[in-house]
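# Fold and geometry: a report
For reference, the chains in residue letters:
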Amino acid sequence: MALVNFTNLDFDQIKTSIREYLRANSNFTDYDFNGSNLSMILDVLAYNTYITSYNANMLSNEVFIDSATLRENIVSLARNIGYVPTSKSAAKANISFFVDTSTFITRPITITLKSGVVCTSSSSFNGQSFSFIIPQDITVPVVDGIAFFDSVDIYEGSLILNNFTVNANNKNQRFILNNSNIDIDSISVFVRDTQASTIRNQFTLAKNLFNINSNSKVFFIQEIEDQRYELIFGDGIFGEKLNNLNFIEVYYNVTNGPDANGISSFNFNGRLLDNNGLVVTSGFSLITTNSISQNGREIESVDSIRKYAPRKYSSQNRAVTALDYETIIPSIFPEAESVSVFGGEELVPPKYGKVFISIKPINGEFISNLVKENIKKSLKQYSVAGIVPEILDLKYLYVETNSTVYYNTNQTLSPNDLRTTVLNNIISYSNSSELNKYGARFKYSKFLKVIDDSSNSITSNITKVNIRRDLRAALNQFATYEICYGNQFHIQSNSGFNLKSSGFVISGYSDTLYLTDIPESDTVGRIVFFKIDLNNRFQIIRSNAGRVDYQKGEILLSPLNIIRTSKKFGEDSIIEISAIPKSNDVIGL
């Protein structure tokens, strides 16, 4: 009898298999396999087989990117197909300040803000104080006794310097940066002929082999164990090859990532020198914060590496399909939280030769026009000739909830504390990637559980759900509007008022109007405009202002000229339109 079952990972099953095998052997006919001595030997054999089987199973799992669990192995497998995971990213803020030199004994011509620490957070933020740096010196002229440092970008972290000397005799020499938590976008590399040389050449990070020749001063980077990074220089074919005794200087920022997001107040802690080399110790103003610290993020997760590494490999650094664009854009614009791409041929009527892109940023709701242009410019090196990318602003579907929470008063300190805890958990859930991506789904049961699990004192909760779109009004011109929700509407009342809106003013009427619906059947209805008089009574102003399709979740407004709205989003005038979904599980478009 042969041992044919090689798949058992259970100790008792392995031991039983060995015992049955020995019993079938004529040499062990009279043995008592349940006796203490032989049973101990069987235990050792089974234990050894169990451990070997477990190790073999785990080892085979670590060979494939889909089943590997250790980050080092996943990164190594991704490296084999040319994928470099996104590093931790430093939070960036923008500040301004000035230096008044009118009282200086020696009037300077210029003042230089030295690289390194510039300021610190003015108070403890999340129980921690953060330092902010600039990677390079900034020199400004002194005009009428004032040196203005205007719109200075500062980055959270510590500026670190590592030095290496090339040893041509060491064929296995590696250039490994000592620290983890490095923002690889902050890495600056300079190379001197020798350590004593005063002339240095800057090498830049290359992310692919495009336009690289034997004289290109570039370096490559890869993640290694413990989330550290190794620099790789050219071999004389792709990139300039380093010579013996070349001296390498590497500057980089070690950051806390997202922990430093949201800081708005700073204290100056930098080092200023005038053109005479004298240290400036007085005359500087308070710091003005132009934009709070934001865009700090964690290192790319293993789940993200599993998702994007094969896609990046399949795209082969060219953008042809929609999936190629969705894979390449996060490497161009790391602040993208979610990307959706579709071809113009999918539109009605079709627009051939165009690809349409929507990007959800990590911070904020829209990306600026400047960022859009930079992304489109970067895409040119990947795009096929004749394909024109267009970046569209997002249209958000908002989920509004109204929760009544019931709790045991004997098990909580105060209602305010409980309310704060519940709100914090709801905010955390609303900010999760589960909801902030294309095709996301609001799961009603999970939302209820988030509330119920906030405290042991909570006994139950009743939550009502509304969905909302914001109509961006084209002011002072006639236009039609179509608002799509992607979810069926619930008709709560056949007499109307299932839809609600914020106020607006249209041509021909000076009063603030609102829109709602009057159902005509179970599937469609008409839109009406109404105002509220002095006695808080509704007065219909326009009885047929458009149509509503309850099944499709669509609103179509007839041509109208909107003069102004009561709500604004940034510079845009908007009308908020809310509806009750037929299902409390809301699907994102």
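Residues numbered from 1 in each chain as written. Predicted model: local features only at pLDDT ≥ 70, side-chain atom pairs only at ≥ 80, totals over all residues. Heavy atoms only, no water.

End to end, helix α7 (residues 415–430) covers 22 Å across 16 residues, agreeing with the expected 22 Å (1.5 Å per residue, within 8%). Of the surrounding secondary structure, the elements contacted by the buried residues of α7 are β21 (398–407), β22 (441–442), α8 (444–452) and β23 (458–472). (Helix = DSSP H or I, 4+ residues; strand = E, 2+ residues; numbered from the N terminus. Expected span 1.5 Å × (residues − 1). Contact = heavy atoms within 4.5 Å.)

What follows covers the packing of α7 against α8. For the pair α7 and α8, the least separation of the axes is 9 Å and the interaxial angle reads 145 degrees. When the axes of α7 and α8 are compared, the crossing they make is right-handed. Facing Val422, Asn425, Ile426 and Tyr429 of α7, the residues of α8 in contact are Lys446, Phe447, Val450 and Ile451. Of the residues that constitute the contact of α7 with α8, the class distribution is 6 nonpolar, 1 polar and 1 charged. (Axes fitted to C-alpha atoms, helices over the stretch in contact; angles between N-to-C directions. Left-handed = near helix turned anticlockwise from the far one by under 90°. Nonpolar A, V, L, I, M, F, W, Y, C, P; charged D, E, K, R; others polar.)

This part is about the side chain of Asn253. When you line up the elements, Asn253 lands in strand β13 (residues 247–254). Given the relative accessible area of 2%, Asn253 is considered buried. Polar contacts involving the side chain of Asn253 include one to the main-chain carbonyl oxygen of Glu156, which spans 3.0 Å. (Buried < 20%, exposed > 50% of the residue type's maximum accessible area, 1.4 Å probe, protein only. Polar contact = N/O pair within 3.5 Å; in protein donor to acceptor, adjacent residues only side chain to side chain.)

The next subject is the nonpolar core. Counting residues in hydrophobic clusters, the biggest one holds 38 residues, and the most contacted among them are Leu471, Tyr481, Phe489, Ile527, Phe529, Ile555 and Leu557. Ile555 has contacts with Tyr481, Glu482, Ile483, Tyr485, Phe489, Leu499, Ile527, Arg547, Val548 and Ile577, leaving out every residue within four places of it along the chain. Core analysis: the second largest hydrophobic core is formed by 26 residues, Phe132, Val152, Leu272 and Val280 among them. (Core = buried A, V, L, I, M, F, W, Y, C linked by side-chain atoms within 4.5 Å.)

Attention now goes to the packing of helix α3 (residues 71–79) against helix α4 (residues 302–315). Two numbers describe how α3 lies on α4: the axes approach to 10 Å, and their chain directions differ by 20 degrees. Taken together, the axis directions place α3 and α4 in an arrangement best described as roughly parallel. Considering the relative orientation of α3 and α4, their crossing is left-handed. Residues Arg71, Ile74, Val75 and Ala78 of α3 pack against Val302, Ile305, Arg306 and Ala309 of α4. Split by residue class, the contact of α3 with α4 holds 6 nonpolar, no polar and 2 charged. (Parallel < 35°, antiparallel > 145°, perpendicular 65-115°, else oblique.)

Positive phi values are uncommon outside glycine, yet Gln316 reaches one of about 50 degrees. Within the element layout of this structure, Gln316 appears in the loop between α4 and α5 (322–332). The backbone of Phe497 sits at a positive phi, close to 60 degrees, despite the residue not being glycine. Assignment of secondary structure puts Phe497 in the loop between β24 (478–484) and β25 (500–501).

It is worth spelling out the sheet that holds strand β10 (residues 200–205) at this point. The strand order across the open sheet built from 7 strands is β7-β13-β9-β10-β11-β12-β8, with neighbouring strands paired in mixed fashion. Looking at strand neighbours, the two that pair on one side only are β7 (158–165) and β8 (175–176), the edges of this open sheet. One ladder, built from 5 bridges, connects strand β11 (residues 218–223) with strand β12 (residues 229–233); its direction is antiparallel. Each residue of the ladder has a partner; that of Ile221, found in β12, is Leu231. (Pairing = 2+ DSSP bridges.)

Further remarks concern the pairing of strand β2 (residues 110–113). In this sheet, strand β5 (residues 138–143) lies alongside β2 in antiparallel orientation, the contact comprising 4 bridges. The residue of β5 that forms the bridge with Thr110 is Pro141.

All chains considered together, the criterion is met by 24 salt bridges. With a closest N to O distance of 2.8 Å, Arg71 and Glu223 form a salt bridge. Taken together, the residues span a long stretch of sequence, with Arg71 in helix α3 and Glu223 in strand β11 at a distance of 152 residues. Classification of Glu223 by relative accessible area gives buried; the value is 2%. Between Lys354 and Glu390 there is a salt bridge whose closest N-O contact spans 2.6 Å. Of the two residues, Lys354 sits in strand β19 (residues 354–361) while Glu390 sits in strand β20 (residues 388–392), which places them 36 residues apart along the sequence. (Salt bridge = Lys/Arg side-chain N within 4 Å of Asp/Glu carboxyl O.)

So yeah, pure geometry; function would need other evidence.
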